[in-house]
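Close look at the chain arrangement
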Amino acid sequence: MATKRRPLRPNLGTASSSSSNMNFRPGGPDITRSEARGTRPTAAPTSIREILVMGVIHLCKKTIFFNTDLKVALYLGSLFVISVIGDFVPFPKTYFARSDNLFNMYFVKVGWGWTLLFVVPFLVLSAYTITCGDHKRMLRHHFPRIVIATFFWFFWTKLFNIVETSYGRCTVKGFQSKSSCLKAGHLWHGFDISGHAFILIHSSLVLIEEARPIIKWETIKEHIRNELHNRSVSENTGTNPLRGLNDEQMRSLQFLYKRLTPIIRTLFIGMAALQLLWDIMLVGTMLYYHRMIEKVISGIIAILTWYFTYRFWYPTRGLLPEEPGNGTFYYQRETHGFPFKRPSHLSGAAGTSSGASGPTRANPNGKVGAATTVPKDQQMPTFMGMPLFTSPKAATAAASLLQSAQQKREREQQQQLGAES
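What you see is a predicted model; the values in this text were computed from it and never measured.

1. What to know about the packing of aromatic side chains
For the structure shown, the criterion picks out 18 aromatic pairs. With a centroid separation of 6.0 Å and 20° between ring planes, the pair formed by Phe65 and Phe268 is classed as stacked. Placement of Phe65 in the loop between helix 1 (48-64) and helix 2 (68-88) and of Phe268 in helix 10 (residues 247-288) is noted, with a sequence separation of 203 residues between them. Phe268 shares its class with Phe65; the two are buried. Following the ring pairs from residue to residue traces out a cluster consisting of Phe151, Phe152, Phe155, Trp156, Phe160 and Phe198.

2. Observations concerning unusual backbone geometry
Between Leu320 and Pro321 the backbone carries a cis peptide bond, its omega angle lying at 0°. Position of Pro321 among the secondary structure elements: in the loop between helix 11 (292-313) and helix 12 (344-353). Phi is positive for Cys132, close to 60°, though the residue is something other than glycine. Relative to the assigned elements, Cys132 resides in the loop between helix 4 (111-130) and helix 5 (135-141).

3. A few points about the packing of helix 8 (residues 195-210) against helix 10
Running from N to C, helix 8 and helix 10 point in directions that differ by 155°, and their axes come no closer than 9 Å. Judged by the angle between their axes, helix 8 and helix 10 are roughly antiparallel. Handedness of the helix 8/helix 10 crossing: left-handed. Judged by residue contacts, His196, Ala197, Leu200, Ile201, Ser203, Ser204, Leu207, Ile208 and Glu210 of helix 8 engage Met271, Leu274, Gln275, Trp278, Asp279, Met281, Leu282 and Thr285 from helix 10.

4. Observations regarding a nonpolar patch on the surface
On the surface, Phe80, Val81, Ile85, Phe88 and Val89 cluster together to form a nonpolar patch covering roughly 490 Å² of accessible area. By the element assignment, Phe80 lies in helix 2.

5. Comments concerning the state of the cysteines
Taken as a whole and assessed by the stated rule, the structure comprises one disulfide. Note on cysteine connectivity: Cys170 is disulfide-linked to Cys181, with sulfurs 2.0 Å apart. Here Cys170 and Cys181 share a disulfide; its torsion about the S-S bond, 70°, makes the bridge right-handed. With Cys170 in strand 1 (residues 168-170) and Cys181 in helix 7 (residues 178-183), the pair connects residues that are eleven residues apart, well separated along the chain.

6. Looking at the confidence of the model for the protein
When pLDDT is averaged across the protein, the result is 78; 75% of the residues are at 70 or more. Mean pLDDT across the elements of the protein ranges from a minimum in helix 12, with 38, to a maximum in helix 4, with 96. Confidence drops under a pLDDT of 50 for residues 12-36, and excluding neighbours within four residues, the segment shows 26 contacts in the predicted structure. Overall, residues 335-378 carries pLDDT values under 50, and its contacts beyond four positions in sequence, including any with other chains, amount to 62 contacts.

Conventions and cut-offs
Within each chain, residue numbers correspond to sequence positions counted from 1 in written order. In keeping with the model being predicted, local features are shown solely for residues with a pLDDT of at least 70 and side-chain atom pairs are shown and tallied solely at 80 or more, while totals for entire chains, interfaces and linings include all residues. Heavy atoms throughout the structure, all of them, feed into the side-chain values; hydrogens and water do not. Two rings from Phe, Tyr or Trp (for Trp, the six-membered ring) form a pair when their centres sit within 6.5 Å of each other. Planes less than 30 degrees apart are called stacked, planes more than 60 degrees apart edge-to-face, and all others tilted. Numbering of helices and strands runs from the N terminus, with a helix taken as a DSSP run of H or I at least four residues long and a strand as a DSSP run of E at least two residues long. Think of it in three bands: with a 1.4 Å probe and only protein chains considered, a residue is buried below 20% of the maximum accessible area for its type, exposed above 50%, and partly exposed in between. Note on geometry: axes are lines fitted to C-alpha atoms, helical ones only across the stretch in contact, with angles between N-to-C directions running from 0 to 180 degrees. Each angle gets one of four labels, with under 35 degrees taken as roughly parallel, over 145 as roughly antiparallel, 65 to 115 as roughly perpendicular, and the rest as oblique. Definitions for this section: a left-handed crossing has its near helix turned counterclockwise from the far helix by less than a right angle. A right-handed crossing has that turn clockwise. Contacts are assigned to residue pairs that have any heavy atoms within 4.5 Å of one another. Each patch is assembled from residues with relative accessible area greater than 30% and no salt bridge, linking like charges that lie within 9 Å and nonpolar side chains (Val, Leu, Ile, Met, Phe, Trp, Tyr) that lie within 5 Å. Here the Shrake-Rupley method, with its probe set to 1.4 Å, supplies the accessible areas, and only the displayed protein chains count as covering residues. A carboxyl oxygen of Asp or Glu within 4 Å of a side-chain nitrogen of Lys or Arg is what we treat as a salt bridge. The disulfide criterion is simple: two cysteine sulfur atoms within 2.5 Å. The predictor reports its confidence for every residue as pLDDT, a score running from 0 up to 100.

Encoded structure:
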């Protein structure tokens, strides 16, 4: 026989007859932090279209963010091995071996233009969003990366042409310049460093690096929702990366993220497809165009240019421009303080905050071991490795542990940055 459910908070029934039968905790700005546990806003229902789009985005991420260091090693290795095979093994001359084929004429020869067609709007829109609409910071801290990449593309390709023209000769005597030799219908033999291999590798690596803001892009929506909730209940603690934004920046971020995210996702899919096309075209270049030494040298120059800019210059603090993904807030860090993850880090924080001298250990249930000095009534109960807040006292203790753990990590990061500087 079914029985009537008991109210969760029967002592609140004195206010009115309707509130006496409530089986949930009422929200509002007057509740405490411990009572607010479990009342955070949930995400809106996901449509089928959104699921399909996220599936495509996931596949594109798997393609474009394949281990970059390994990809660079594959570029160098394949440039050497496949080029040697192409130099000594007679491959059948197909349509793709002709210099006037469709892909070579309309894609490779204008490859940097195709790269800019996708990278520039993606960089501008993503940087404008994560800087909360600060166009000056976007132009100063992010847009110069494209200008620098374009400068290196122009510089190296012009230098390759100068080397070929200065250190070459015509097959027929009497022609001292490359242009006059070619106009007469003869061939010019010189050290022709492969501009094809350079532009394909350079464009591919720039596409990979500039697409990195899409990593954890979806978490911005969750951060906005949680931060708006925190501000509505006057919650000033936590690890939300948007906590330092003012109201105007929050409104700009909320508006820009909602409006620009569909465009950013579309551009990212195009960047992933273009990067895959460049890799395919690079294989054809290895087989049919230039000699092995010319392709290897161009590949090394492209990789060194990428390493100098994206791995040394941009990550260096105090130098402009900044690396992709940096903005008014940083959303790509690991949120170790998220309260619904396994509480192994809470145990260490408990031992530190309680003044224990020895190392702190946690058993498989996440409880603090007997070697610590944490009072038994403050040990957090767990279920399947997740924290279980059975009382306001336990919730308050957990909140203090989270806060102390976050402060400790911030101090360690500051000390590490000070030591590096």
